[in-house]
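Chain and residue survey
This is what each chain is made of:
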Amino acid sequence: MTATLAAKRAAFTRRPPDGEKRIQSLRALLKAVRGRREEFTKSISEDFGGRAREETLLLEVFPLVDTIRHTIRHLPQWMRPRAASPGWQFLPGRARVIYQPLGVVGSLAPGTILCYLAFRRW
């Protein structure tokens with residue numbers, strides 16, 4: 001995982017991707033997860049020592065797919081700049097919050113590991 005995080009840091013650019021590029025990446029992830037769900041169920045079953053395919057789909061794959069689809073639907077709204085109060089000291093100035101990535105983090109969770117596997121094999 002250290003090598004993966006180092007590669008992500010090296011690939012990170014200060015210029016955030018636009019909304020369409022982010023949606024394209026999410027759609028590619030969705031396609032990869034759906035296309036490799038049988039590999040996920042087999043790998044997870046081996047890790048758990050015989051976990052049922054349906055249980056893995058229900059607890060691991062379906063929530064991940066649902067989250068990706070939810071993110072695709074709501075991303076344009078989430079990316080919209082929001083008005084913010086500049087504080088009385090800066091009146092009559094204006095301020096806004098622009099949501100954009102600031103760096104790279106490492107996070108381990110079942111869904112994260114599935115995403116990692118989907119992109120690594122894709």
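Above this text is the structure in question.
Residues numbered from 1 in each chain as written. Predicted model: local features only at pLDDT ≥ 70, side-chain atom pairs only at ≥ 80, totals over all residues. Heavy atoms only, no water.

**Overview of the packing of aromatic side chains**
Applied cut-off: Paired rings are identified among Phe, Tyr and Trp, the last through its six-membered ring, by centres lying within 6.5 Å, and are further divided according to the angle between planes into stacked (under 30 degrees), edge-to-face (over 60) and tilted (the rest). Throughout this description, the term charge over a ring refers to an Arg CZ or Lys NZ atom that lies within 6 Å of the ring centre and within 35 degrees of the ring normal.
All chains considered together, the criterion is met by 0 aromatic pairs. Note that Arg51 overlies the ring of Phe48, its terminal NZ or CZ placed 4.5 Å from the centroid.

**Quick notes on the nonpolar core**
Basically, it comes down to this: In these notes, a set of buried Ala, Val, Leu, Ile, Met, Phe, Trp, Tyr and Cys residues joined through side-chain atoms within 4.5 Å is what counts as a nonpolar core. For each residue, the accessible area found with a 1.4 Å probe, counting protein chains only, is set against the maximum for its type, and the residue is called buried under 20%, exposed over 50%, and partly exposed in between. Secondary structure elements are taken from DSSP: a helix is a run of H or I of four residues or more, a strand is a run of E of two residues or more, and numbering for both begins at the N terminus. Contact criterion: two residues are considered in contact whenever any of their non-hydrogen atoms come within 4.5 Å of each other.
Residues Leu26, Val33, Val61, Val65, Ile68 and Ile72 are the most contacted members of the largest nonpolar core, which totals 13 residues. At the level of elements, helix H2 (19-35) and helix H4 (53-79) are the ones that each hand at least two residues to this core. Among the elements that take part in this core, H4 stands out by supplying 7 residues, more than any other. Sequence-distant contacts of Ile68, that is, excluding residues within four places in its chain, are made with Leu26, Leu29, Leu30 and Val33.

**Focus: the side chain of Thr41**
The cut-off we apply is this: In the analysis that follows, any N or O atom pair within 3.5 Å is treated as a polar contact, provided that within protein one partner can donate a hydrogen and the other can accept it, and provided that, for residues neighboring in sequence, both atoms belong to side chains.
By secondary structure assignment, the location of Thr41 is in helix H3 (residues 37-48). Only 2.8 Å separates the side chain of Thr41 from the backbone oxygen of Glu38, close enough to count as a polar contact. Every residue in contact with Thr41, bar those within four places of it in the chain, is listed here: Arg53, Thr56 and Leu57.

**A look at the pattern of salt bridges**
Just so we agree on the cut-off: A carboxyl oxygen of Asp or Glu within 4 Å of a side-chain nitrogen of Lys or Arg is what we treat as a salt bridge.
Taken as a whole, this structure holds 3 salt bridges when the rule is applied. The salt bridge partner of Arg51 is Glu55, with a shortest N-O separation of 3.7 Å. Between Arg51 and Glu60 there is a salt bridge whose closest N-O contact spans 3.4 Å. Using a relative accessible area of 12% as the deciding quantity, one classes Arg51 as buried. The structure contains a network of salt bridges with shared partners spanning Arg51, Glu55 and Glu60.

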